[in-house]
Amino acid sequence: MKVAILAGGFGTRLSEETMIRPKPMAEIGGRPILWHIMKIYSHYGFSDFVILGGYRIDFIRDYFMRYRSSRSDFTIDLGTGDVRWLEAQTDNWRVTILDTGLESLTGGRILRARRYLEDSTFCLTYGDGVSDVNITDLLEFHRSRAAWCTLTAVVQPGRFGALELTDNAMSVSGFGEKRAGDGGLINGGFFVCEPQVLDLIDDDLTTWEAEPMSRLIERGKLSSFVHDRYWQNMDTLRDKQVLEATWAIGAAPWKVWSD
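About the thresholds
- Residues numbered from 1 in each chain as written.
- Predicted model: local features only at pLDDT ≥ 70, side-chain atom pairs only at ≥ 80, totals over all residues.
- Heavy atoms only, no water.
- Helix = DSSP H or I, 4+ residues; strand = E, 2+ residues; numbered from the N terminus.
- Buried < 20%, exposed > 50% of the residue type's maximum accessible area, 1.4 Å probe, protein only.
- Contact = heavy atoms within 4.5 Å.
- Areas by Shrake-Rupley, 256 points an atom, 1.4 Å probe, with all protein chains shown as cover.
- Salt bridge = Lys/Arg side-chain N within 4 Å of Asp/Glu carboxyl O.
- Pairing = 2+ DSSP bridges.
- Arc of directions from axis to C-beta.
- Patch = residues over 30% accessible without salt bridge, like charges linked within 9 Å, V, L, I, M, F, W, Y side chains within 5 Å.
- Core = buried A, V, L, I, M, F, W, Y, C linked by side-chain atoms within 4.5 Å.
- pLDDT = per-residue confidence, 0-100.

Some remarks on the overall build of the protein chain
Helices and strands together make up the secondary structure of the protein chain, namely eight helices and 16 strands. Residues classed as buried in the protein chain amount to 49% of the 259 residues present. Once local pairs closer than 6 in sequence are excluded, the contacts in the protein chain between residues at least 24 apart make up 74%. Of the roughly 12,300 Å² of accessible surface on the protein chain, 47% is carried by carbon and sulfur atoms.

Next up, the structure:
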């Protein structure tokens, strides 16, 4: 199953980092947050990634082009270009990097990846948030709901629009404005999607969280997987500092993998 990661926005709220590189390449503990996200999915057996790039995509391309050589001893024959890896310290991932446009919105980026995602169920997430959500449980819940899309509902104070859930908290009935500190559930990403969602996206200027979500709700095909443990995005410099400090003391809840 493929995992699509939105990694093409400008990240203007984190301009201290994104003047130089795309937000998913901002580092936590010396590794891009994008790497942390991929390690979470890899822990649960997902290793086929589709990176939906745009702004400063060259940073992402260069990182993965050098991924193996930067972590491994090797011998290179400069005459032939042959490389013999001596001790390869790498991850067994398949990574597709797509340029989904500089100005595309989130829905448009997903739509541009259609030919890579339209054959089967796929995971989708943002390139700036980490969590200890159990992806296996999320996928099983999604399959039990016969939904076209399942989002992970998390608790986060302030800044984001709150979800309106049905009485059993398993389906989304709408989106509302959220007051800072009201403790409501928000969209934390970590989606599971069926290919049908691609038909709900109009074009490059479609925001994934707007028209497609509304159309899913109208059809009763958007479900919610409530995750009440750790979730943290990296929207601002303060968020990055919180993540860095958590990682530095060895207490990162999202580190579900073993070294």
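Notes on the pattern of salt bridges
Using the criterion set out here, one finds 12 salt bridges in the structure. One salt bridge in this structure joins Asp128 and Lys23, with 2.8 Å as the shortest N-O distance. Pair noted here: Asp128 is in the loop between β8 (122–126) and β9 (129–131) and Lys23 is in the loop between α1 (15–18) and β2 (27–28), with a separation of 105 residues, a long-range link. Comparing Asp128 with Lys23, the two get one shared label, buried.

Describing unusual backbone geometry
Although it is not a glycine, Arg56 sits at a positive phi angle of roughly 50°. Its place among the elements puts Arg56 in the loop between β4 (48–53) and α3 (57–65). Residue Phe190 is not a glycine yet carries a positive backbone phi of 45°. By secondary structure assignment, the location of Phe190 is in the loop between β13 (185–187) and β14 (191–193). Looking at Phe190, the relative accessible area reads 1%, which means it is buried.

Description of the pairing of β4
β4 sits mainly inside the fold: six of its six residues count as buried. Of the two faces of β4, the one holding Asp48, Val50 and Leu52 and the one holding Phe49, Ile51 and Gly53 are both buried throughout. As judged from the six bridges shared by strand β1 (residues 2–7) and β4, these two strands associate in the parallel manner. Opposite Ile5, over in β4, you have Ile51 as the bridge partner. Where β4 lies against strand β7 (residues 94–99), six bridges are found, and the strand directions are parallel. Across the sheet, Phe49 pairs through a bridge with Val95, a residue of β7.

Here we look at helix α7 (residues 211–218)
Within α7, the full set of buried residues consists of Pro212, Met213 and Leu216. Buried positions in α7, seen along its axis, are confined to an arc of 100° and lie on one side of it. Positive backbone phi, approximately 70°, marks Gly220, located one or two places after α7.

Focus: a nonpolar patch on the surface
Together, Phe74, Ile76, Leu78 and Val83 make up an exposed nonpolar region whose accessible area comes to about 390 Å². Tracing the sequence through the fold places Leu78 in the loop between β5 (73–76) and β6 (83–87). Of the residues examined, Leu78 reaches a relative accessible area of 76% and is grouped as exposed.

Side note on the nonpolar core
In this structure, Tyr41 and Trp254 are the most contacted members of the largest nonpolar core, which totals 42 residues. Tallying contributions element by element places helix α2 (residues 33–43) first for this core, with seven residues. Among all residues touching Tyr41, those that are not within four sequence positions of it are Val3, Phe46, Phe49, Cys123, Leu124, Thr125, Ile135 and Phe190. Among the nonpolar cores identified, the runner-up in size contains 24 residues, and Ile110, Leu124, Tyr126 and Leu198 belong to it.

Focus on the confidence of the model for the protein chain
The share of residues in the protein chain with pLDDT of 70 or more is 90%, and the mean pLDDT across the chain is 89. Low confidence marks residues 158–162, where pLDDT is under 50. Its contacts with residues over four positions away, or in another chain, come to 19 contacts. Overall, residues 177–182 carries pLDDT values under 50, and its contacts beyond four positions in sequence, including any with other chains, amount to 13 contacts.

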